Amino acid sequence: THAIFDVQVKRIHEYKRQLLNVLKIVSLYDELLQHPDLDIKPQTFIFGGKAAPGYYFAKDIIKLIWSLGKEIDKNPKIREKIRVIYLEDYNVSTAEILMPSTDISEQISLAGKEASGTGCMKFMINGALTLGTLDGANVEMAEAVGRDNIYIFGLTSEEVDDLWKRGYNSMIYYKTNSRLKSTIDRIARGFNGEDFSGIVNYFLASGKIADPYMCLADFESYVKTAQKAVDDYADRDTWTKRSLLNIAAAGKFASDR
């Protein structure tokens, strides 16, 4: 309960980018493996959501999240600093408990790919601060609460379109960002005895276009913005003020209006 609750609950889907969240966590895990005494604010990463029965890659993503959590649990020192939880059978009853307890709400789909949603607003009206791309309802939320009270990162939809036109090559990011390379190499070694080379292949050498939702392009911006949120959390008065401003501004999105 002394940890930051960082929550991403939504359908398990490539464009929702649970994999980008996993990259961030694995990066932190990799850092803690190299420096077990690193002084960080404890963080609990909570995932929930369902996938279509025939969507086998979504099942691979779920397996990756679950296996990463199990491996971290086996390390007594690291599990005091980070935990990864995959909620089984996520539903409305679970949401009623989870949303008011969330500190950071993950709304990280690739800009231009997300229709305007409402889950992000439910977190907002319960006092969570949003970490997200400038996409979907995040755009309206940022306008309502002000950019100082929401954590926006990554490419804009215009920048995404431009990058597609120029030709997106995920390997460039892998080769030029040492932290990202170390993170993907860690995934390649597997977790909890399970092999995830298929996910590494998805990022770097897919049969069609590698990393079609640009997780690698947004990685550095995402990690830095997430760390800023964690650093800001240390100032509880300022964080609480931002939380209250989010609750107040969320009234705009309530049907009661």
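Residues numbered from 1 in each chain as written. Predicted model: local features only at pLDDT ≥ 70, side-chain atom pairs only at ≥ 80, totals over all residues. Heavy atoms only, no water.

### With respect to the packing of aromatic side chains
According to the stated counting rule, one finds nine aromatic pairs in the structure shown. Aromatic pair Phe153 and Tyr222: ring centres 4.9 Å apart, planes at 40 degrees, arrangement tilted. You can see Phe153 sitting in the loop between strand S6 (151-152) and helix H6 (157-166) and its partner Tyr222 sitting in helix H10 (residues 215-233), a full 69 residues away along the chain. The pair Phe153 / Tyr222 is uniform in exposure class, with both members buried. Ring-pair connections join several aromatic residues into one group, and the members of that group are Tyr29, Phe191 and Phe196. One cation-aromatic arrangement involves Arg236 over Tyr233; the distance from NZ or CZ to the ring centre is 4.2 Å. (Phe/Tyr/Trp six-rings, centres within 6.5 Å; stacked < 30°, edge-to-face > 60°. Helix = DSSP H or I, 4+ residues; strand = E, 2+ residues; numbered from the N terminus. Buried < 20%, exposed > 50% of the residue type's maximum accessible area, 1.4 Å probe, protein only. Lys NZ or Arg CZ within 6 Å of the ring centre and 35° of its normal.)

### Thoughts on the sheet that holds strand S1 (residues 4-9)
In space, the six strands of this open sheet follow the order S3-S2-S1-S4-S5-S6, with parallel pairing throughout. With one partner strand each, in any of the chains shown, strand S3 (82-86) and S6 form the two edges of the open sheet. Of the strand pairs in this sheet, strand S4 (residues 104-107) and strand S5 (residues 129-132) are connected by four bridges, and their pairing is parallel. Across the sheet, the residue bridging to Glu106 is Leu131, located in S5. (Pairing = 2+ DSSP bridges.)

### Structural notes on the nonpolar core
In terms of nonpolar packing, the biggest core is built from 63 residues, with Leu19, Leu68, Ile82, Ile184, Phe203 and Leu216 touching the most fellow members. It is H10 that provides the largest number of residues to this core, a total of 10 residues. Not counting residues up to four positions away in its chain, the partners in contact with Ile184 are Leu23, Tyr174, Val200, Phe203, Leu204 and Leu216. Formed by 11 residues, the second largest nonpolar core is a distinct cluster that contains Cys120, Met121, Met141 and Ile152. (Core = buried A, V, L, I, M, F, W, Y, C linked by side-chain atoms within 4.5 Å. Contact = heavy atoms within 4.5 Å.)

### Let's talk about the pattern of salt bridges
A side chain of one charge can pair with a side chain of the opposite charge if their charged atoms are brought near each other. Tallied over the entire structure, the rule returns 14 salt bridges. Via salt bridges that share partners, Asp6, Lys24 and Glu106 belong to a single interconnected network. (Salt bridge = Lys/Arg side-chain N within 4 Å of Asp/Glu carboxyl O.)

### Considering the packing of helix H1 (residues 18-34) against H10
Running from N to C, H1 and H10 cross one another at 55 degrees; their axes reach a closest spacing of 10 Å. As summarised for this structure, H1 and H10 are arranged oblique, according to the angle between their axes. Like other packed secondary-structure pairs, H1 and H10 cross with a definite hand, here right-handed. Residues Leu19, Leu20, Asn21, Leu23, Lys24 and Ser27 of H1 form the contact with H10, whose participating residues are Cys215, Leu216, Asp218, Phe219, Tyr222, Val223 and Ala226. (Axes fitted to C-alpha atoms, helices over the stretch in contact; angles between N-to-C directions. Parallel < 35°, antiparallel > 145°, perpendicular 65-115°, else oblique. Left-handed = near helix turned anticlockwise from the far one by under 90°.)

### Remarks on unusual backbone geometry
The backbone of Arg17 shows a phi angle near 65 degrees, a positive value even though the residue is not glycine. Looking at where Arg17 falls in the secondary structure, it is placed in the loop between S1 and H1.

### Observations regarding a nonpolar patch on the surface
Residues Ile125, Leu244 and Ile247 make up a contiguous nonpolar surface patch of roughly 250 Å² in combined accessible area. Note on Leu244: relative accessible area 54%, which makes it exposed. (Patch = residues over 30% accessible without salt bridge, like charges linked within 9 Å, V, L, I, M, F, W, Y side chains within 5 Å. Areas by Shrake-Rupley, 256 points an atom, 1.4 Å probe, with all protein chains shown as cover.)

### Some words on helix H2 (residues 56-73)
In a regular helix each residue adds 1.5 Å, so 18 residues correspond to 26 Å; H2 covers 26 Å between its end C-alpha atoms and thus fits that length. Those residues of H2 lying buried are Phe57, Ala58, Ile61, Leu64, Ile65, Ser67, Leu68, Gly69 and Ile72. Where H2 is buried, its residues contact H1, strand S2 (43-48), S3 and helix H9 (197-204). (Expected span 1.5 Å × (residues − 1).)

### Quick look at helix H3 (residues 92-101)
Listing the buried residues of H3 in full gives Ala95, Leu98 and Met99. Looking down the long axis of H3, one finds its buried residues gathered within 95 degrees of arc, a one-sided arrangement. H3 presents Glu96 and Ile97 as exposed residues on the side facing more than 90 degrees away from its buried surface. Buried residues in H3 make contact with S1, S2 and helix H4 (119-125). (Arc of directions from axis to C-beta.)

### So, the packing of helix H8 (residues 178-188) against H10
At a closest axis distance of 10 Å, the pairing of H8 and H10 adopts a crossing angle of 105 degrees. In this view, H8 runs roughly perpendicular relative to H10, as classed from their interaxial angle. Residue-level inspection shows Arg179, Leu180, Thr183 and Ile184 of H8 in contact with H10, the latter providing Leu216, Phe219, Glu220, Val223 and Lys224. Considering only residue class, the contact of H8 with H10 consists of five nonpolar, one polar and three charged. (Nonpolar A, V, L, I, M, F, W, Y, C, P; charged D, E, K, R; others polar.)

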